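Summary of the model geometry
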Amino acid sequence: MARRWLMMVFALFCSLAQAGETAPPSVIHLASEDWEDYTAADGHGLGWDVLRAIFEPAGVKLDIRTEPYTRSVGLAQRGEVDACVGAYRDETSDVLYPHWNFDTDHIYALGLASNPAPTLDTLGSYRLAWVRGYKYQNYLPNVQRFNEVVRRTGILSMLTHNRADYYIDALTEIDYVVARARDPSQFRRTHIAELPLYLCFADNPKARALMELFDQRMELLVKSGQLKPIFAKWKQPYPFDAN
């Protein structure tokens, strides 16, 4: 009798443990670079607002961690966070990419206004620069000469001293750089490409469950148009009109 009772207790313990493992997560741990008015370290910005609208109505709170982009990716690869924010699709191994993107990066080239405006076809003939880890060479055609910089503070000097022809980045970051120029009219922005932005999830059961939830919620929010007011609030183009 005692043996049977012990077996019943053991079976109950196992079932409770399994239930705990399969319970939906209540927190998603996210790592992101501190992008001004997008994924700011204090939690404000378009990116954080979009992600809160995706997860919080489903009972999942955001826990944000501010790190340089390459470190954010590494944290996701090692499973130390559930996902990193702002990745381009398939740029990194050992992480998982959902079906849906959550935004689109508007990619621009910044150069001296006295230089000819580049096009996507001619871009490869110039000396380019971008932030380390962004891997634009995988998404822009015919790129041959490029330099990866650690931080954006020296970009304007690189351009004015002819150490690079164009700096490549998202429009918000380009604007951030130009706003710090003594003479902004010395520089010109040229639109180059549109690149969808993704969360890249860790390859583990919890992150897989969160990725599945993310895709379900994005499907609902895009079809209902519920994300449009968030992009309007931040005066940014809505990226899902084609859907």
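Residues numbered from 1 in each chain as written. Predicted model: local features only at pLDDT ≥ 70, side-chain atom pairs only at ≥ 80, totals over all residues. Heavy atoms only, no water.

Labelled according to an unreviewed UniProt entry, the chain appears under the name Transporter substrate-binding domain-containing protein, originating from Pseudomonas nunensis.

This next bit is on unusual backbone geometry. One can expect most non-glycine residues to show negative phi and most peptide bonds to be in trans. With a phi close to 60°, Asp37 is a non-glycine residue in the positive phi region. By the element assignment, Asp37 lies in the loop between strand E1 (27–32) and helix H2 (46–55). Asp37 gets classed as partly exposed once you look at its relative accessible area, which sits at 37%. One non-glycine residue, Asn162, adopts positive backbone phi at about 60°. Note on placement: Asn162 falls in the loop between helix H4 (155–160) and strand E7 (166–170). (Helix = DSSP H or I, 4+ residues; strand = E, 2+ residues; numbered from the N terminus. Buried < 20%, exposed > 50% of the residue type's maximum accessible area, 1.4 Å probe, protein only.)

Bringing helix H5 (residues 171–178) into the picture now. For H5, the complete set of buried residues consists of Glu173, Ile174, Val177 and Val178. In an axial view of H5, the angular spread of the buried residues amounts to 135°, which keeps them on one side of the axis. Of the surrounding secondary structure, the elements contacted by the buried residues of H5 are strand E4 (103–112), H4, E7 and strand E8 (187–201). (Arc of directions from axis to C-beta. Contact = heavy atoms within 4.5 Å.)

What the largest pocket holds in volume is close to 350 Å³. In terms of lining residues, the largest pocket is bounded by 18 residues, among which Glu33, Pro68, Tyr69, Val150 and Arg152 are the most central. Counting only elements with at least two residues in the lining of the largest pocket, the list comes to helix H3 (69–77) and H5. Here the lining of the largest pocket gets 3 residues from one element, more than from any other, and that element is H5. For the lining of the largest pocket, the per-class residue count stands at 7 nonpolar, 3 polar and 8 charged. A volume near 220 Å³ is recorded for the second largest pocket. Every residue lining the second largest pocket is listed: Glu36, Asp37, Tyr38, Leu46, Thr172, Glu173, Asp175, Tyr176, Ala179, Trp234 and Gln236. Among the elements that take part in the lining of the second largest pocket, H5 stands out by supplying 4 residues, more than any other. (1 Å grid on protein atoms, 1.4 Å probe; cavity = no way out; pocket = protein on both sides within 12 Å on 5 of 7 lines; lining within 4 Å. Points joined across faces, edges and corners; volume = space filled by probe spheres on them. Nonpolar A, V, L, I, M, F, W, Y, C, P; charged D, E, K, R; others polar.)

Bridge count between E1 and strand E2 (residues 61–66): 6 bridges; the pairing is parallel. Within E2, the position partnered with Ile28 by the bridge is Leu62. For the crossover from E1 across H2 to E2, the handedness is right-handed. (Pairing = 2+ DSSP bridges. Right-handed = clockwise from strand over helix to strand, strands pointing away.)

Attention now goes to H3. Considered for burial, the residues of H3 that qualify are Tyr69, Ser72, Val73, Gly74, Leu75 and Ala76. Check the buried side of H3 and you find it contacts E1, E2, strand E3 (83–87) and E8. The first or second residue beyond H3 is Gly79, which carries a positive phi of 75°.

Glancing now at the environment of Asp49. Tracing the backbone through its elements, the reader meets Asp49 in helix H2. Separated by 10 residues in sequence, Asp49 and Thr39 place their C-alpha atoms 8.8 Å apart. With near-sequence residues (within four places) excluded, Asp49 lies in contact with Ile230, Lys233 and Trp234.

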